[in-house]
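Report on the structure
Chain by chain, the residues run as shown.
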Amino acid sequence: MDTATAKKKTGERLKQLRESLGYTQEKFSEILGISVTLYKKMEGGSYNISVKTLRKLRETTGVSIDYMMFGEGKEYEDIWLLLQNSENHIKLKVLLRLLRYFGYDSRESRLETEQELDIGEKLEKIIGENL
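These remarks concern the structure in this document. Computed from a predicted structure; not experimentally measured. (Residues numbered from 1 in each chain as written. Predicted model: local features only at pLDDT ≥ 70, side-chain atom pairs only at ≥ 80, totals over all residues. Heavy atoms only, no water.)

**Brief notes about the side chain of Arg13**
Mapping Arg13 onto the fold places it in helix H1 (residues 3-21). There is no salt bridge for the buried Arg13, and the closest opposite charge comes from Glu12, which lies 6.4 Å off by N-O distance. In terms of polar contacts, Arg13 uses its side chain to reach the backbone carbonyl oxygen of Met68, at 3.1 Å. Not counting chain neighbours up to four residues away, the residues in contact with Arg13 comprise Tyr67, Met68, Met69, Phe70 and Gly71. (Helix = DSSP H or I, 4+ residues; strand = E, 2+ residues; numbered from the N terminus. Buried < 20%, exposed > 50% of the residue type's maximum accessible area, 1.4 Å probe, protein only. Lys, Arg positive; Asp, Glu negative; His and termini not counted. Salt bridge = Lys/Arg side-chain N within 4 Å of Asp/Glu carboxyl O. Polar contact = N/O pair within 3.5 Å; in protein donor to acceptor, adjacent residues only side chain to side chain. Contact = heavy atoms within 4.5 Å.)

**Quick notes on the side chain of Thr61**
In this fold, Thr61 is placed in helix H4 (residues 51-61). For Thr61, the side chain forms a polar contact with the main-chain oxygen of Leu57, separated by 2.6 Å. Here the side chain of Thr61 touches Val63 through a polar contact of 3.3 Å, landing on its backbone nitrogen.

**Details of the nonpolar core**
Within the largest apolar cluster, 13 residues are counted, with the highest numbers of intra-cluster contacts made by Leu14, Leu17, Phe28, Tyr39, Leu57 and Met68. Of all the elements in the fold, those that place two or more residues in this core are H1, helix H2 (25-32), helix H3 (36-44) and H4. Sorting elements by how many residues they give to this core places H1 first, with 3 residues. Not counting residues up to four positions away in its chain, the partners in contact with Phe28 are Leu14, Leu17, Arg18, Leu21, Tyr23, Tyr39, Leu57 and Thr61. (Core = buried A, V, L, I, M, F, W, Y, C linked by side-chain atoms within 4.5 Å.)

**A word on the pattern of salt bridges**
The final tally for this structure, using the stated rule, is 4 salt bridges. Where Glu19 meets Arg18, a salt bridge forms, and the shortest distance between an N and an O atom there is 3.9 Å. Residue Arg18 is classed as buried on the basis of its relative accessible area of 8%. When the shortest N-O distance is used, the salt bridge between Glu30 and Lys27 registers 3.6 Å. Remark: Lys27 and Glu30 occur in helix H2; sequence separation between them is 3 residues, near one turn of the helix. Judged by its relative accessible area of 57%, Glu30 falls in the exposed class. Among the charged side chains, a network of salt bridges with common partners joins Arg18, Glu19 and Glu43.

Written out as structure tokens, the structure reads:
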């Protein structure tokens with residue numbers, strides 16, 4: 001892959017990361033400690049991401065450098081880290097999409113809730129007896 005294509009692909013991954021976290025270009029550039037102009041050039045694929053910025057991305061979002069640079073990495077780990085660092089409304093959107101994808105059986109949910117309540121009551125009783 002030539003350099004121009006590699007920069008463009010890296011910029012696309014950077015944009016995808018930013019959007020998945022729900023940030024504007026301005027806010028994300030602030031988080032990374034770089035100018036908005038520089039950030040827009042990196043996201044647009046006309047400027048390489050510096051090592052310093054890659055480290056900051058890793059520290060603040062948990063995304064792997066291998067993924068950012070080459071599109072490779074531990075997908076599940078990266079997804080988990082993205083979710084951990086996301087705002088609650090993003091987490092809820094993901095949860096709703098998963099429920100739609102896998103389906104939702106309210107009967108199973110009720111049974112699980114009843115079991116959790118039963119276990120909770122038993123734990124409270126045990127704790128109360130030992131105080």
